[in-house]
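Understanding the architecture of this molecule
Spelled out, the chains give:
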2 protein chains.
Amino acid sequence: MEEPRKRARPGRAPAPAGRTSRPRQAEVARLAGVSQATVSLVLGARKQGATISEETRRKVLDAVRALGYVPDPAASRLAAARNNLLGVFSFTSTFPTDVQHSYYPFLVGVEQEAAARGYDLVLFTGSSTGGAGAAGPNALARVRLADGCLFLGRHAPAEELRRLVADGFPVVHLGRRDELEGLAWVGADYISASQEVVAHLAALGHRRIVLVREDDEAPASTDREHGFLKGLEEAGLPGGPAAVFRSADPERQLTAERLRGWLDEGVTAFVAEETDTGDAWRALHGAAHFVGIDCPRDASLALLGSPPPDLAEEPVPTGFDIPRPQLGAAAVRMLAALVSGEEAAEPLVACTFRPGSTAGPAPARY
Amino acid sequence: MEEPRKRARPGRAPAPAGRTSRPRQAEVARLAGVSQATVSLVLGARKQGATISEETRRKVLDAVRALGYVPDPAASRLAAARNNLLGVFSFTSTFPTDVQHSYYPFLVGVEQEAAARGYDLVLFTGSSTGGAGAAGPNALARVRLADGCLFLGRHAPAEELRRLVADGFPVVHLGRRDELEGLAWVGADYISASQEVVAHLAALGHRRIVLVREDDEAPASTDREHGFLKGLEEAGLPGGPAAVFRSADPERQLTAERLRGWLDEGVTAFVAEETDTGDAWRALHGAAHFVGIDCPRDASLALLGSPPPDLAEEPVPTGFDIPRPQLGAAAVRMLAALVSGEEAAEPLVACTFRPGSTAGPAPARY
DNA sequence: GTGACTCACTAATGCGCATTAGTAATACGC
DNA sequence: GCGTATTACTAATGCGCATTAGTGAGTCAC
């Protein structure tokens, strides 16, 4: 009969010498004369479960102080099956050289809210730079290392996102994204905000209002139009296709003649949507200036969003501001809710009305 | 004889139902028809040790892709390996509302370099916001989750940093920090840059140059003075205490009279250090303007750094720029070196000379 | 005084991974 | 044909902590 060979102990190599290892819970336990589990219980401070006598607690805490014990976060997280990490993934560099186009305003809110909830953030880099985790079909695989992940920008590939969602991985998209079944998102409430701007104009006596928008189908655009029309309807003003102008290259441009035509037809207020480029507002603003309109005496202008940086110095446009930090915070709240399995939070964030100085009472009818 | 009671299995509760947990190496192994150890070996890609057949490797990698496996950073870290995560810790909010004071320019470089090297970044939040990882004596414990950590800002508490360093945890401080034995740091080479500015002025024929600085002992200040004096010496110009003016509230201010006095003594060029507030440059600039100096005809000015934002529109000051993104990148390089145990990288980053328009040939002697 | 209960604590276990001794299978040398 | 390498893998182990079933001592009720 063969005797089983004695096996040596495989596994960990001894800790590299020279490196002072920090004290473990076991050492604390030894010094305090209790078990490691007791140390964990004392430090964990769980609301329910085992009770610890005051004396034992003090002995343990004394030992902790005496040894300068610091918990190993890797071990805690491994044992607790969470790591308190929220991912942030963007397909352009998170910190672009051109600050103008960055996600900075969002990140302000993301950081604050994450901190308030005790999460740290993992920034997944190399999405654009071709670094380690460059493109490839599994570019998004890495995000699973966090408890959940926030996606910035509209370029997140649907297929991969769907995959994450299907696996039950908590994902939140910053910006509305309806086409992807089950994808959580947070976005600004453009509908209500646009409606409010129209209501403001209506209250100032304007009876004919035109929306100038670009010719795309982004949710951000259609929402604004939706809210605009809703605002007209609620004020009892004429809506319909005539109230909306979709500029399209090159035939349908917002020219000075067109603007004059509207004025002749009795239009007294114009609303432009905000776009990446700010072109709608720029065109409207430019045409009004060209025609010689004294704004807001002759006619009122409003902008559904913020002006492009180069027009920021002009008189502040009446309209609304997109609360980007709050959006970031709301995204984190939703993600945190998903991670902890709570009910999903509110996806819509209200925009704040900006009085501005480009809207005034409607000119007297003659 | 008492039979030992059969113990139930304590330990982990079963994973919460409903939520599909991420795949583990064990699942990958099952799908690939190999052992968990083999999966680890394939993924670990350690240079030495076991060899893996090409076929097995492919099977494993296929399974990894199929399941979307991603290693758990806490587990890798606990098992004494790396997790490809670099920490970034700042004691003020990383994304402050006031963009002016942010670390943004550094982060640009940090992100790029980290991406290029295949690291993701963990932003440790809550240092200022009083969130989960708020102050307390162990605010820094969390950073141990990452392979190493970058510290921004001068407020990192020495005691805790010392502790991390003593434990052999890779730490890099952005900004010179000599007082802490063994702390790695990267910083701008103010000495060489300041010296270069003086050399430039000397080459323009200036023979008497005065440095205006504030009265503190920050390394950034003393380095500039050091470089300034070195530059004078190298050009064979008079140095000594007379060449340096330390403004101090409220007695010693840079007044117009004082400036006139220097001019009368034959000083033709003035150099200010950059400070947080930009006060040195503002005072120098203001006094020169008040006295009616036509710069650079009557006298030359130079700034050891960048002007404060409110003076950015003025004629560009001759001086140097602090390459913040490069500093961030250098910090990451150093941290990566520490993490992988390589030789430490270069701690000093060169500043770039900025010709500007406030320095010209010395006025003719009369 | 015996069961039921509470209290305070400990033993045992596993989280997911990296590591290494061991092993089976095949190739090689002479 | 038998020892020795080499190759390709697996079993076993532990990292430091959180968790929970279990244990023993004490308290209480009837």
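Chain A carries the name LacI family transcriptional regulator in an unreviewed UniProt entry, which gives Streptomyces globisporus as its organism.

Some details on the sheet that holds strand β6 (residues 209-214) of chain B
Residues and elements named next belong to chain B. Reading across from one edge, β7-β6-β8-β9-β10-β12 is the order of the six strands in this open sheet, with mixed pairing throughout. Both outer strands of the open sheet, β7 (244-247) and β12 (352-354), are each paired with one neighbouring strand and no more. Neighbour-to-neighbour, the strand axes of the sheet open up by a mean angle of 20°, direction not taken into account. In terms of strand pairing, strand β9 (residues 300-304) meets strand β10 (residues 318-321) through two bridges, oriented parallel. Counted as the bridge partner of Leu303 is Gly319 from β10. Across the sheet, helix α7 (residues 190-203) is in contact with β6, β8 (269-273), β9, β10 and β12; its angle to β10 comes to roughly 160°. Against the sheet, helix α10 (residues 279-291) contacts β6, β8 and β9, and its axis sits at roughly 150° relative to β8.

Thoughts on the environment of Leu232(A)
All names here are of chain A. With respect to the helices and strands, the residue Leu232 is situated in helix α8 (residues 219-235). Judged by its relative accessible area of 0%, Leu232 is buried. For the pair formed by Leu232 and Arg207, sequence separation is 25 residues and the distance between their alpha carbons is 9.0 Å.

Regarding the sheet that holds strand β9 (residues 300-304) of chain A
The strands making up a sheet are joined through hydrogen bonds of the backbone, oriented either antiparallel or parallel. Residues and elements named next belong to chain A. Reading across from one edge, β7-β6-β8-β9-β10-β12 is the order of the six strands in this open sheet, with mixed pairing throughout. The sheet terminates laterally at β7 (244-247) and β12 (352-354), the two strands that pair on one side only. On average, adjacent strands in this sheet sit at an angle of 20° to one another, irrespective of strand direction. Looking at chain direction, strand β8 (residues 269-273) and β9 are connected through five bridges and run parallel. Within the sheet, the bridge partner assigned to Glu273 lies in β9 and is Leu304. Where α8 meets the sheet, its contacts fall on β6 (209-214), β7, β8, β9 and β10 (318-321), and the angle it forms with β6 comes to roughly 175°. Here helix α10 (residues 279-291) sits on the sheet in contact with β6, β8 and β9, set at roughly 150° to β8.

Digging into α7(B)
All names here are of chain B. Look at α7: 20 Å from first C-alpha to last across 14 residues, which is about the 20 Å you get at 1.5 Å a residue. Along α7, the residues classified as buried are Tyr190, Ile191, Ala193, Ser194, Gln195, Val197, Val198, Leu201 and Ala202. Positive phi shows up at Gly205, right after α7, with a value of about 100°.

Brief notes about the environment of Glu273(A)
All names here are of chain A. Topologically, Glu273 is positioned in strand β8. On the basis of relative accessible area, Glu273 is assigned to the buried category, the value being 1%. In this structure the C-alpha to C-alpha distance between Glu273 and Leu303, which are 30 residues apart in sequence, comes to 5.8 Å. Other than its neighbours up to four places away in sequence, Glu273 contacts Leu211, Val212, Arg213, Glu214, Ser221, Arg224, Ala280, Trp281, Leu303 and Leu304. A distance of 3.0 Å separates a polar side-chain atom of Glu273 from the backbone nitrogen of Glu214.

Conventions and cut-offs
Residues numbered from 1 in each chain as written. Chains lettered and ligands numbered in written order. Predicted model: local features only at pLDDT ≥ 70, side-chain atom pairs only at ≥ 80, totals over all residues. Heavy atoms only, no water. Pairing = 2+ DSSP bridges. Helix = DSSP H or I, 4+ residues; strand = E, 2+ residues; numbered from the N terminus. Axes fitted to C-alpha atoms, helices over the stretch in contact; angles between N-to-C directions. Contact = heavy atoms within 4.5 Å. Buried < 20%, exposed > 50% of the residue type's maximum accessible area, 1.4 Å probe, protein only. Expected span 1.5 Å × (residues − 1). Polar contact = N/O pair within 3.5 Å; in protein donor to acceptor, adjacent residues only side chain to side chain.

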